[in-house]
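Residue strings, one per chain:
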Amino acid sequence: MQFVRTDIKDIVIIEPKVHGDDRGYFVETFRADKLEEFLGYKINFCQDNESKSSKGVLRGLHYQLSPYAQTKLVRVIQGRVLDVAVDIRKGSPTFGKYVAVELSAENKKQMLVPRGFAHGFVVLEDDTIFAYKVDNYYSPECDRGIAFDDRDLNIDWILNKKELNLSGKDIKQPKLNETNDLFEFGVNYYERKKEI
Ligand SMILES: Cc1cn([C@H]2C[C@H](O)[C@@H](COP(=O)(O)OP(=O)(O)O[C@H]3O[C@H](C)C(=O)[C@H](O)[C@H]3O)O2)c(=O)[nH]c1=O
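Every value quoted in this text rests on a predicted model; they were computed, and no experiment measured them.

A. Structural context of the packing of aromatic side chains. Applying the stated rule across the entire model yields seven aromatic pairs. Ring centres 3.8 Å apart and planes at 20° place the aromatic pair phenylalanine 121 and phenylalanine 130 in the stacked group. Judged by relative accessible area, which is 4%, phenylalanine 121 ranks as buried. Each member of the aromatic cluster is reached from another via a ring pair, and the members are Tyr63, Phe183 and Tyr189. Lysine 133 extends its terminal NZ or CZ atom over the ring of phenylalanine 30, reaching a point 5.1 Å from the ring centre.

What follows is the structure in structure tokens.
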């Protein structure tokens, strides 16, 4: 299992080892010990999610506010996506910057998206199944979003706007400079106790 830093050092690409043989393949898709050894801290994932989408679907850019901010460990079981994580930590040297990586059933790459980032993906093949771990439970009250087409972010989603299929909520999201629902850089969101 390889861990690769990206241009935003807190966003990590994980490349599991594929053991192929004449039956097919075997992959360890998650190892808590190896992840903790690489990161230097433990992430207590508590919920697994899965979504299926057709080509052109764009989910995101979403995040949850503290005390329900989520780390996400995302991968594609079937199909292909362009996965995007945006730094929304005020004061961060990479504030408003993003990392975009193609994740697919074929390349088996995963992306670790820490708390403090907005996350989204555009689906590049029909019947794509997206699966991910989160380290905080779903909280509709803390659910927030950023406009996928925010010109300041200038994300290249590969597909053109006419090919995109958005949910209603993703059409109405604020631009990064229109929302106060952001994170502070330098705060350790992994040690904060749950607020009442
Ligand atoms: C996220 C979530 C949703 N739901 C319910 C709420 C809705 O009835 C339905 C669809 O939810 P939503 O439209 O928010 O699903 P996505 O657009 O895939 O949202 C996700 O997409 C982007 C890419 C993310 O990074 C987040 O994990 C998440 O926001 O599932 C749950 O019951 N539990 C959950 O954890």
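B. Examining the site of the ligand more closely. Around the ligand, the structure places Gln47, Asn49, Arg59, His62, Lys72, His119, Phe121, Tyr132, Tyr138 and Lys169. In this structure, an oxygen atom belonging to the ligand sits 2.6 Å away from a side-chain N or O atom of lysine 169. For the ligand, whose unbound accessible area comes to 660 Å², protein coverage reaches 65%. Mapped onto the shell around the ligand, the elements with two or more residues apiece are strand 5 (47-53), strand 6 (57-64) and strand 12 (117-123). Broken down by class, the residue content of the shell around the ligand amounts to three nonpolar, four polar and three charged.

C. Representation of the nonpolar core within the structure. Ranked by size, the top nonpolar core spans 24 residues in total, and within it Leu61, Tyr63, Val86, Ile88, Val122, Ile146 and Trp157 carry the most contacts. Contributing elements (two or more residues each) for this core: strand 6, strand 8 (80-87) and strand 12. Val81, Ala85, Leu103 and Phe117 belong to the second largest nonpolar core, which has 17 residues in total.

D. Summary view of the side chain of lysine 72. Relative to the elements of secondary structure, lysine 72 occurs in strand 7 (residues 72-78). Nearest to the buried, unbridged lysine 72 among oppositely charged side chains is aspartate 143, at 6.8 Å. A polar side-chain atom of lysine 72 sits 3.5 Å from the main-chain carbonyl oxygen of histidine 62. Residues contacting lysine 72, with those up to four places away along its chain left out, are His62, Tyr63, Met111, Leu112, Val113, His119, Tyr132, Lys133 and Val134.

The rules behind each value
Residues numbered from 1 in each chain as written. Predicted model: local features only at pLDDT ≥ 70, side-chain atom pairs only at ≥ 80, totals over all residues. Heavy atoms only, no water. Phe/Tyr/Trp six-rings, centres within 6.5 Å; stacked < 30°, edge-to-face > 60°. Buried < 20%, exposed > 50% of the residue type's maximum accessible area, 1.4 Å probe, protein only. Lys NZ or Arg CZ within 6 Å of the ring centre and 35° of its normal. Near = heavy atom within 4 Å. Polar contact = N/O pair within 3.5 Å; in protein donor to acceptor, adjacent residues only side chain to side chain. Areas by Shrake-Rupley, 256 points an atom, 1.4 Å probe, with all protein chains shown as cover. Helix = DSSP H or I, 4+ residues; strand = E, 2+ residues; numbered from the N terminus. Nonpolar A, V, L, I, M, F, W, Y, C, P; charged D, E, K, R; others polar. Core = buried A, V, L, I, M, F, W, Y, C linked by side-chain atoms within 4.5 Å. Lys, Arg positive; Asp, Glu negative; His and termini not counted. Salt bridge = Lys/Arg side-chain N within 4 Å of Asp/Glu carboxyl O. Contact = heavy atoms within 4.5 Å.

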